[in-house]
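# Observations on the three-dimensional arrangement
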Amino acid sequence: METFDVDHVAWLSRLELTQEEKELFGKQLKQILDHAEVIKSVDTSGISPTYHPIPLKNVMREDVILSSLSQEEALSNAPQREGGAFVVPRIM
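My aim in this report is to walk through the structure given alongside it, one point at a time.

Rules used in this analysis
- Residues numbered from 1 in each chain as written.
- Predicted model: local features only at pLDDT ≥ 70, side-chain atom pairs only at ≥ 80, totals over all residues.
- Heavy atoms only, no water.
- Helix = DSSP H or I, 4+ residues; strand = E, 2+ residues; numbered from the N terminus.
- Rg over C-alpha atoms; globule rule 2.2 N^0.38 Å.
- Buried < 20%, exposed > 50% of the residue type's maximum accessible area, 1.4 Å probe, protein only.
- Areas by Shrake-Rupley, 256 points an atom, 1.4 Å probe, with all protein chains shown as cover.
- Lys, Arg positive; Asp, Glu negative; His and termini not counted.
- Charge placed at Lys NZ, Arg CZ, Asp CG, Glu CD.
- Phe/Tyr/Trp six-rings, centres within 6.5 Å; stacked < 30°, edge-to-face > 60°.
- Lys NZ or Arg CZ within 6 Å of the ring centre and 35° of its normal.
- Salt bridge = Lys/Arg side-chain N within 4 Å of Asp/Glu carboxyl O.

## What to know about the overall build of the protein chain
In terms of helices and strands, the protein chain carries 3 helices and 2 strands. When the elements of the protein chain are put in sequence order from the N terminus, they spell out α-α-α-β-β. Against the 2.2 N^0.38 benchmark of 12 Å for 92 residues, the protein chain shows a C-alpha radius of gyration of 30 Å, more extended than a compact globule. Each principal axis of the C-alpha distribution contributes one length, and for the protein chain these read about 75 × 45 × 15 Å. Evaluated residue by residue, the protein chain yields a buried proportion of 5% over its 92 residues. As displayed, the protein chain offers around 9300 Å² of accessible surface, 58% of which is attributable to carbon and sulfur atoms. Side chains of the protein chain carry 9 positive and 15 negative charges; the gap between the two charge centres is 4 Å.

So, in structure tokens, the structure goes:
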């Protein structure tokens with residue numbers, strides 16, 4: 001692994017590395033990339049993609065239609081209302 005690659009990754013990570021760390025991390029980064037090449041060589045043509053390792057399901061309850069407040073009930077405690085809507089102060 002070239003020192004340039006380690007320098008670039010360190011710069012992206014905002015890390016200051018000593019020369020010894022650059023050499024150590026360069027060797028480790030090379031091992032990781034070499035292993036990724038081995039994994040890339042595995043034939044996966046008959047395997048469908050996995051988007052998540054665990055089957056997911058929706059844990060939410062079913063929607064149930066219930067009666068709701070009428071407009072008059074919703075506005076009954078409003079300090080100010082106009083034309084069937086709440087009146088609030090302007091922000092700007």
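## Quick word on the packing of aromatic side chains
The geometry of an aromatic ring pair is captured by two quantities: the separation of the ring centres and the angle between the planes. All chains considered together, the criterion is met by 0 aromatic pairs. Looking at R14, its charged tip hangs above the ring of W11, at a distance of 5.0 Å from the centre.

## A word on the pattern of salt bridges
With the rule as written, the count across this model stands at 4 salt bridges. Between R81 and E72 there is a salt bridge, and its shortest N-O distance comes to 3.0 Å.

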